[in-house]
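Geometric and topological summary
Residues per chain, in single letters:
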Amino acid sequence: MAVTGDLLAEEFTAHRAHLISVAYRLTGSVSDAEDAVQEAWLRLAGLTDAQRAGIRDARGWLTTVVGRLGLDRLRSATVRRERYVGQWLPEPIMAGFGPRPSEDPLDVAVRDDGVRMAAMVVLDRLTPEQRVAFVLHDAFSVPFAEIAEILGCSPAAARQHASRGRKALEEADPPPRAPMTEQQELLERLMAAFNAGDVRAVAEVLHPDVVLIGDSDGKARTSRQLMVGADKISRFLTGLLRKYADTAFDGARPVLVNGDLGLHLPAAPGDDGHPPLDVHVTTLAIRDGRIVAIYDLANPDKLTRLPD
């Protein structure tokens, strides 16, 4: 490895998008991912010339460091989530919706199908050990011997952790990323049905097994319980729209949420006795030409990075 400061920084920058992708898949947190990558840089820069010269594969070495840091953050997050109010969703990676894709490392990371919200939600159900083993091996081809060192277990145990994570993902069967044209068409149909106040038309856009997951930690208004079923969800959503008919979509704009189409709904004042609207970012998952999942993020702590 190069040892001069500028060249070392250049080498690290070349791996940054990859490391951000690793860290985000492991933690589901943008801030934790960025902190882990920064810590990996500090550890690399803190090595002596002789220590850096002994690193044969900089990308592999940095991936292992980020894996260890991700495991630490996952274990500490388990305690935090026990106190969380309502449902938990990964912190979204949001970008503007336009013809020119951003080359920011976070925006590059979410182009991978494995970082779509539907897949990240399933990863959150795994144990820290299963998540680390599965993500590092299946997504980034890290050998089980190296994963075992991160987890502090045998290679056979690391393989077993990955197998259980893989099985959980297969059983959950998260919908694949739909083409952007299909996402746009369904969102337009949903909005048209909302504007018409037509409960039946809303239900026709929704998959019979659709779920709505709201994330607020009690700091904003959204559904605290998992909501299931096209009829129930369509009536819930159209009921909300009737309450806020004049302000619900004022200033709404399309955004990309983990690489998929979503809507940013800005805060709006209440009226006619209704409380104010909180900021929401909502995105969808699609199966068989219908919306099968609605992810409604309203926790302000997870919406600090709205695109311009």
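Computed from a prediction, not measured in an experiment: that's the story for all the values here.

A look at the overall build of the protein chain
Scanning the protein chain from terminus to terminus reveals 12 helices and seven strands. Against the 2.2 N^0.38 benchmark of 19 Å for 308 residues, the protein chain shows a C-alpha radius of gyration of 21 Å, consistent with a compact globule. Considering only contacts within the protein chain whose residues lie at least 6 apart along the sequence, 67% involve residues at least 24 apart. Roughly 14,600 Å² of accessible area belongs to the protein chain as shown, and the carbon and sulfur atoms make up 51% of that amount. Counting 36 positive and 44 negative side-chain charges, the protein chain places the averaged centre of each group 4 Å from the other.

Digging into the nonpolar core
The nonpolar side chains of a soluble globular protein tend to be buried, and buried together. Core analysis: the largest hydrophobic core is formed by 44 residues, its most contacted members being Y24, L44, V132, L136, I147 and L151. If you list the elements that add at least two residues to this core, you get α1 (5–27), α2 (30–45), α4 (58–82), α5 (105–109), α6 (117–123), α7 (128–139), α8 (144–151) and α9 (155–172). It is α1 that provides the largest number of residues to this core, a total of eight residues. One finds M191, V210, A230 and I294 within the second-largest nonpolar core, a separate group that totals 23 residues.

What about the sheet that holds strand β5 (residues 260–265)?
Taken together, seven strands build an open sheet; the order of strands is β1-β4-β5-β6-β7-β2-β3 and the sheet is mixed. Edge positions in the open sheet fall to β1 (94–96) and β3 (227–228), since each of these has one partner strand only. One ladder, built from four bridges, connects β5 with strand β6 (residues 280–287); its direction is antiparallel. When the bridges of β6 are listed, L263 appears paired with T282. Lying over the sheet, helix α10 (residues 180–196) contacts β4 (253–257), β5, β6 and β7 (290–297), oriented at roughly 35° with respect to β5.

Some details on the pairing of strand β2 (residues 206–215)
Of all 10 residues in β2, seven are buried; the element is thus mostly enclosed. Bridge analysis of β2 against β7 gives six bridges, and the strand direction is parallel. For L212, the partnering residue across the bridge sits in β7 and is I294. Summarising the sheet, β2 and β3 pair through two bridges and their orientation is antiparallel. Opposite L212, over in β3, you have M227 as the bridge partner.

Considering α10
A rise of 1.5 Å per residue sets the reference length of α10, with its 17 residues, at 24 Å; its end C-alpha atoms lie 24 Å apart and thus fit the reference within 8%. Those residues of α10 lying buried are Q183, L186, L187, L190, M191, A193 and F194. End-on, the buried residues of α10 take up no more than an arc of 160°, which puts them together on one face. Along α10, the residues that are exposed and aim more than 90 degrees away from the buried face are T181, E188, N195 and A196. Packing partners of the buried residues in α10 comprise α11 (199–205), α12 (230–243), β5, β6 and β7. G197 sits one or two positions beyond α10 and adopts a positive phi of about 65°.

Brief notes about α4
Taking 1.5 Å per residue, 25 residues should reach 36 Å; α4 reaches 37 Å between its end C-alpha atoms and fits that length. Backbone nitrogen of R59 and a side-chain oxygen of the N-cap are separated by 3.3 Å at the start of α4; the cap is D57.

Digging into the packing of α4 against α8
Direction vectors running N to C along α4 and α8 enclose 40°, while the axes themselves pass 9 Å from each other. In this view, α4 runs oblique relative to α8, as classed from their interaxial angle. Handedness of the α4/α8 crossing: right-handed. Where α4 abuts α8, its residues T64, G67, R68, L71 and R75 lie against E146, E149, I150 and L151. Grouping the amino acids of the contact of α4 with α8 by side-chain chemistry returns three nonpolar, two polar and four charged.

Parameters and conventions
Residues numbered from 1 in each chain as written. Predicted model: local features only at pLDDT ≥ 70, side-chain atom pairs only at ≥ 80, totals over all residues. Heavy atoms only, no water. Helix = DSSP H or I, 4+ residues; strand = E, 2+ residues; numbered from the N terminus. Rg over C-alpha atoms; globule rule 2.2 N^0.38 Å. Contact = heavy atoms within 4.5 Å. Areas by Shrake-Rupley, 256 points an atom, 1.4 Å probe, with all protein chains shown as cover. Lys, Arg positive; Asp, Glu negative; His and termini not counted. Charge placed at Lys NZ, Arg CZ, Asp CG, Glu CD. Core = buried A, V, L, I, M, F, W, Y, C linked by side-chain atoms within 4.5 Å. Buried < 20%, exposed > 50% of the residue type's maximum accessible area, 1.4 Å probe, protein only. Pairing = 2+ DSSP bridges. Axes fitted to C-alpha atoms, helices over the stretch in contact; angles between N-to-C directions. Expected span 1.5 Å × (residues − 1). Arc of directions from axis to C-beta. Polar contact = N/O pair within 3.5 Å; in protein donor to acceptor, adjacent residues only side chain to side chain. Parallel < 35°, antiparallel > 145°, perpendicular 65-115°, else oblique. Left-handed = near helix turned anticlockwise from the far one by under 90°. Nonpolar A, V, L, I, M, F, W, Y, C, P; charged D, E, K, R; others polar.

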